[in-house]
Amino acid sequence: MNAPLAARQVHKSWLDQPILRGIDLDLAPGTITVLLGANGAGKSTLIRILSGELIADRGAVKVDGHTLGEQDDKARAKLAHVAQSPPLAPFLSALEHAEAMIGWRGLDPDTTLARLRTHAEALQIGRALARPTRVLSGGMRQKAALCLGLAAQTQVLLLDEPYTGLDIRSALALRQLLQARRDEGCAILVASHLAESALAIADRAVVLSRGQLALDLDAAALAAFNDDARAFERAVLAAMDRGDAAGGE
Amino acid sequence: MSAMPAAPAARQLDRARSPLAVVGWALAAGSYGALAAWGLQDTAPALWADRALVLAGLGALPAPVALLSGLTTPTHAVTRRFLGQTGASIFSDAVRSAWLLVATLLAVPAGFLLASFSLGLDAVAAQRGAAVLSSGVLGAAIASMTLLAAAMATIAAGTQGAWRAAAGVGFGPPEVAPLLYAPALAFLAGLIPAALLTALWNAAPQVLSAERAWAATAIVLVGSALSARRRCARLAPQVHRALLVIEQAHATPFALAEEAPQPPRWLAAQETSVQFLGRAWVRRYPASLFVSVLIALAATLAVGPKTAPESVVILCFAATLYAGTRGLGLLLAGPELSAAAAWLGGRSDTLRAAERSLALRLTTPAITAIAAGWTSGAWGGAAAGLLGGAVTAALLVRLGHRAVAVWAGRLGLAAAMLLVAGLG
């Protein structure tokens with residue numbers, strides 16, 4: 001496994017109900033992979049397992065060659081994960097979160113803080129960086145967490161529904177920021193249920209249905225859609241239907 | 001802005017105020033007076049003066065405490081209503097008729113004297129006691145209004161940087177920071193006349209006859225009330241402006257809300273995990289210092305320390321309580337801090353080491369208490385030891401581990417009881 005992140009045969013069940021059934025997924029460096037799926041398809045569960053926040057029932061996840069659960073500290077140091085509800089400490093500001101992150105991850109303070117400020121300006125929360133996160137709105141907290149995740153300069157970046165709650169300008173800015181991180185060699189996985197925004201950013205798209213990957217489209221396959229979001233949506237829906245039919249058998 | 005109109009909220013309240021509210025307030029004040037007399041019944045006459053001051057202090061607590069809790073945390077609609085209505089009402093009363101003050105002025109000594117006569121207390125001592133109670137309770141109320149008006153004037157003029165820094169995080173917009181300390185100062189300042197009367201009662205009881213006690217009380221209270229009334233009337237435009245500033249500050253959108261204050265210097269020099277935990281620790285309950293000082297004051301009045309070690313124990317008790325409340329804040333914030341730290345790359349072992357580091361700093365008062373308590377007797381030593389153990393346990397507890405916190409609380413309670421029993 002040479003990929004920055006490689007998952008093999010990941011299984012997870014809740015109350016005997018299978019959520020993930022043998023997921024194999026490699027994230028290549030310098031690519032943005034979009035993970036699509038219906039609500040409840042298991043996207044967030046998969047992202048949490050890939051980040052080390054949840055432990056799989058079976059299977060293994062390696063980050064830069066370090067297995068999550070066995071070499072947890074080394075593996076988790078290589079990735080950043082921004083969840084839908086990021087766990088920000090309410091009485092600390094985003095800047096103070098960044099200072100802690102710098103200390104714990106051994107990052108260069110000047111570079112990291114400069115990146116944080118640049119990202120924050122792009123997402124229009126520059127003035128909110130010094131304020132305790134508890135006084136920020138939900139959307140601003142999400143943006144602050146995204147800025148921190150992007151500034152962490154990790155090899156792997158996992159984002160769960162990052163466009164939720166963002167206005168149009170911020171969504172466009174986030175797209176540019178993600179593309180910039182990709183160009184730096186970061187392997188990015190974005191969970192989303194919006195096919196149109198996925199097509200705009202993805203180098204690769206995978207569709208999760210009934211706990212399995214029902215569709216895997218590389219850059220060439222995505223280019224074939226020629227920015228036709230409707231056609232892409234139809235392909236995704238067809239894959240979900242196939243997954244549902246297979247799961248129901 | 002030379003002639004501002006009177007606050008609309010105050011005018012509305014004047015119309016809305018029910019006579020029943022005044023009667024109810026008077027009944028409550030009278031009941032307090034009666035309870036105070038009952039509290040003196042089993043006290044040795046030699047201790048009446050000190051006990052009367054303690055009772056006056058207890059009676060003086062509600063006004064500034066209500067202001068502290070109500071005016072400094074208006075982060076939700078209920079408290080905003082409190083600020084807009086009760087706050088305006090207090091000024092309205094102070095500037096105009098002050099019916100509640102009059103009711104208190106009459107009801108506290110009336111309730112006390114009626115109860116003391118029925119309980120058969122010495123008549124002269126009862127009148128001295130009533131004078132101490134009245135001056136304490138009303139002194140605190142008058143001082144609260146005066147200092148609150150001054151704080152509002154500061155807000156109206158534009159809160160300066162030092163005040164903004166003092167506000168910390170968790171008490172609403174920095175614009176209202178001057179309101180934070182006004183109640184505490186008012187409590188202390190308001191008790192000064194009562195303390196002077198008590199000192200005179202202790203030092204030269206023959207000088208403080210019943211007539212002189214009443215005369216001194218009347219002079220102090222009437223003088224203070226007139227002064228407060230004049231000052232509040234003069235500040236009415238600023239008060240009105242401050243209410244608008246406060247209302248606007250609370251309506252400020254998220255994007256313009258407060259900034260996190262700089263952490264204390266000693267904390268800025270620590271390693272990452274200590275800084276991370278410490279910042280949350282010092283910000284979560286920034287008012288606990290006031291509470292600790294208040295408890296130390298109450299303990300001092302109640303216990304009446306006779307020796308230096310006893311005083312040190314009480315001081316350490318307050319300091320330890322301060323550290324403990326901060327520790328409790330950290331404990332309550334434990335799960336969210338753990339999650340945030342893990343997300344940012346923190347490791348559980350470094351976080352535990354940080355907890356130990358913070359604990360060592362904050363248990364210093366407890367360790368001092370052990371030493372001081374030991375020299376003041378076995379009871380004090382045992383209490384201080386338990387207290388130290390409780391605080392250490394509370395501070396060393398792993399984040400979110402509530403069972404240990406419960407035991408720490410039990411030990412602390414036992415320690416406090418032993419401390420009072422041993423010193424009292």
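Numbering of residues starts from 1 in every chain and runs along the sequence as written. Chain A is the first chain written and ligand 1 is the first ligand written, with later ones labelled in order. Side-chain atom pairs in this predicted model are given and counted only at pLDDT of 80 or more, local residue features only at pLDDT of at least 70, and totals for whole chains, interfaces and linings cover all residues. Calculation of side-chain values draws on the structure's entire complement of heavy atoms; hydrogens and water are dropped beforehand.

Could you give an account of the sheet that holds strand 4 (residues 58–63) of chain A, naming the residues involved and the relevant values?
Pairing between sheet strands relies on hydrogen bonds along the backbone, with the strands arranged either parallel or antiparallel. All names here are of chain A. In this description, strands pair whenever DSSP reports at least two bridges between them. A run of H or I in DSSP counts as a helix once it spans at least four residues, and a run of E counts as a strand once it spans at least two, with each numbered from the N terminus. Judged by pairing direction, the sheet is antiparallel, and its 4 strands sit side by side in the order 2-1-4-5 without closing on themselves. Each having just a single partner strand, strand 2 (17–27) and strand 5 (66–67) make up the two edges of the open sheet. Bridging between strand 1 (residues 5–14) and strand 2 involves 8 bridges; their strand directions are antiparallel. Following the sheet pairing, Ser13 is matched in strand 2 by Pro18. Across the sheet, helix 1 (residues 43–51) is in contact with strand 1, strand 2 and strand 4; its angle to strand 2 comes to roughly 55 degrees. Residue contacts are defined here by distance: any two heavy atoms, one from each residue, within 4.5 Å place the two residues in contact. As a rule, the C-alpha atoms of each element are fitted with a line to give its axis, helices using only the stretch in contact, and angles between N-to-C directions run from 0 to 180 degrees.

Any chance you could break down the pairing of strand 4 of chain A for me, citing the residues and the numbers?
Residues and elements named next belong to chain A. The pairing of strand 1 with strand 4 spans 5 bridges and is classified as antiparallel. By the bridge assignment, Arg8 is partnered in strand 4 with Ala60. Judged from the 2 bridges that link them, strand 4 and strand 5 form a sheet pairing that is antiparallel. Paired with Lys62 across the two strands is Thr67, which belongs to strand 5. Where strand 4 hands over to strand 5, the hairpin turn is made up of 2 residues, of which Asp64 adopts a positive phi near 50 degrees.

I'd love a proper account of the environment of Ser224 of chain B, names of residues and values included.
Examined against the element boundaries, Ser224 of chain B turns out to sit in helix 11 (residues 210–251). Expressed as a C-alpha distance, the spacing of Ser224 of chain B and Ala143 of chain B, which sit 81 residues apart in the sequence, is 8.2 Å.

Describe the nonpolar core, with residues and values.
Formed by 75 residues in total, the largest nonpolar core has its most connected members in Leu178 and Phe232 of chain A together with Phe276 of chain B. Of all hydrophobic cores here, the second largest spans 33 residues; its members include Ala36, Ala49, Phe187 and Ala194 of chain B. Take the buried Ala, Val, Leu, Ile, Met, Phe, Trp, Tyr and Cys residues and link them wherever side-chain atoms come within 4.5 Å; each set so joined is a nonpolar core. Burial classes: relative accessible area under 20% of the type maximum marks a residue as buried, over 50% as exposed, and values in between as partly exposed (1.4 Å probe, protein chains only).

Kindly report on the pattern of salt bridges, identifying the contributing residues and their values.
Residues and elements named next belong to chain A. We define a salt bridge as a side-chain nitrogen of Lys or Arg found within 4 Å of a carboxyl oxygen belonging to Asp or Glu. Summed over all chains, the structure comprises 13 salt bridges over all chains. Salt-bridge contacts for Asp167 lead to Lys143; the nearest nitrogen and oxygen are separated by 3.5 Å. Here Asp167, found in the loop between strand 7 (156–160) and helix 6 (168–183), pairs with Lys143, found in helix 5 (residues 138–151); they are 24 residues apart in sequence, far enough to count as distant.

Can you lay out the side chain of Lys43 of chain A for me, pointing to particular residues and giving the numbers?
If you trace the backbone, Lys43 of chain A turns up in helix 1. Any pair of N or O atoms that falls within 3.5 Å is considered a polar contact. Within protein, one atom must be able to donate a hydrogen and the other to accept it, and sequence-neighbouring residues count only if both atoms are side-chain atoms. Of note is the side chain of Lys43 of chain A, whose polar atom sits 2.9 Å from the backbone oxygen of Gly37 of chain A.

Account for the packing of helix 3 (residues 94–105) of chain A against helix 4 (residues 109–122) of chain A, naming residues and giving values.
All names here are of chain A. Relative to each other, helix 3 and helix 4 sit at 145 degrees, their axes nearing to 10 Å. Our pair here, helix 3 against helix 4, has a crossing hand that is right-handed. Only Pro109, Thr112, Leu113, Leu116 and Arg117 of helix 4 make contact with helix 3, whose side of the interface consists of Ala94, Leu95, Ala98, Met101 and Ile102. Here a crossing is called left-handed whenever its near helix is offset anticlockwise from the far helix by less than a right angle, and right-handed whenever the offset is clockwise.

Could you give an account of the sheet that holds strand 9 (residues 204–209) of chain A, with specific residues and numbers?
Residues and elements named next belong to chain A. In space, the 6 strands of this open sheet follow the order 6-7-8-3-9-10, with mixed pairing throughout. This sheet does not close on itself; its edge strands, each paired only once, are strand 6 (79–82) and strand 10 (212–217). In this sheet, neighbouring strand axes are inclined to one another by 15 degrees on average, regardless of whether the strands run parallel or antiparallel. Judged from the 5 bridges that link them, strand 3 (residues 31–37) and strand 9 form a sheet pairing that is parallel. The partner of Val34 across the bridge, within strand 9, is Ala205.

Which residues make up the confidence of the model for chain B, and what are the values?
Residue and element names in this part refer to chain B. Across chain B, the average pLDDT comes to 67, with 49% of residues at 70 or higher. Averaged pLDDT values over the elements of chain B bottom out at 36 in helix 1 (residues 8–16) and peak at 85 in helix 10 (residues 192–203). Each residue carries a pLDDT value, the predictor's own confidence for that position, ranging from 0 to 100. Low pLDDT (under 50) marks residues 72–91, which in the prediction has 39 contacts with non-local residues, meaning those over four places away or in another chain. Under a pLDDT of 50 for its full length, residues 93–98 has, in the predicted model, 16 contacts with residues more than four places off or in other chains. This complex was scored by the predictor with a pTM of 0.61 and an ipTM of 0.88.

I'd like a description of the side chain of Thr133 of chain A, backed by residues and values.
Turning to its location among the elements, Thr133 of chain A is positioned in the loop between helix 4 and helix 5. When near neighbours in sequence (up to four residues on either side) are disregarded, Thr133 of chain A contacts Leu88, Ala89, Pro90, Leu92, Ser93, Ala94, His97 and Arg141 of chain A.

Go over the packing of aromatic side chains, please, and point to the residues and values.
Centre distance and the angle of the planes are the two values used to describe a pair of aromatic rings. Within 6.5 Å between ring centres, the rings of Phe, Tyr and Trp (the latter by its six-membered ring) count as paired, and their orientation is classed by plane angle as stacked under 30 degrees, edge-to-face over 60, tilted in between. Applying the stated criterion across every chain, the model contains 2 aromatic pairs over all chains. On the numbers, 5.0 Å between centres and 65 degrees between planes, the contact of Trp104 of chain A with Phe276 of chain B is edge-to-face. With Trp104 of chain A in helix 3 and Phe276 of chain B in helix 13 (residues 272–284), the pair connects residues from two separate chains. Note on Trp104 of chain A: relative accessible area 16%, which makes it buried. Their ring planes at 80 degrees and their centres at 5.3 Å tell us that Phe225 of chain A and Phe232 of chain A sit as a pair that is edge-to-face. The pair Phe225 of chain A / Phe232 of chain A is uniform in exposure class, with both members buried. The rule is short: NZ of Lys or CZ of Arg within 6 Å of the ring centre and within 35 degrees of the ring normal puts a charge over the ring. Positioned above the aromatic ring of Trp14 of chain A is the side chain of Lys12 of chain A, whose terminal nitrogen or guanidinium carbon lies 5.1 Å from the ring centre.

So what's going on with unusual backbone geometry? Which residues, and what values?
All names here are of chain A. Look at Asp64: it is not a glycine, yet its phi comes out positive at around 50 degrees. Structurally, Asp64 can be placed in the loop between strand 4 and strand 5. On the basis of relative accessible area, Asp64 is assigned to the partly exposed category, the value being 32%. Located in the positive-phi region is Gln124, a residue other than glycine, with phi close to 65 degrees.

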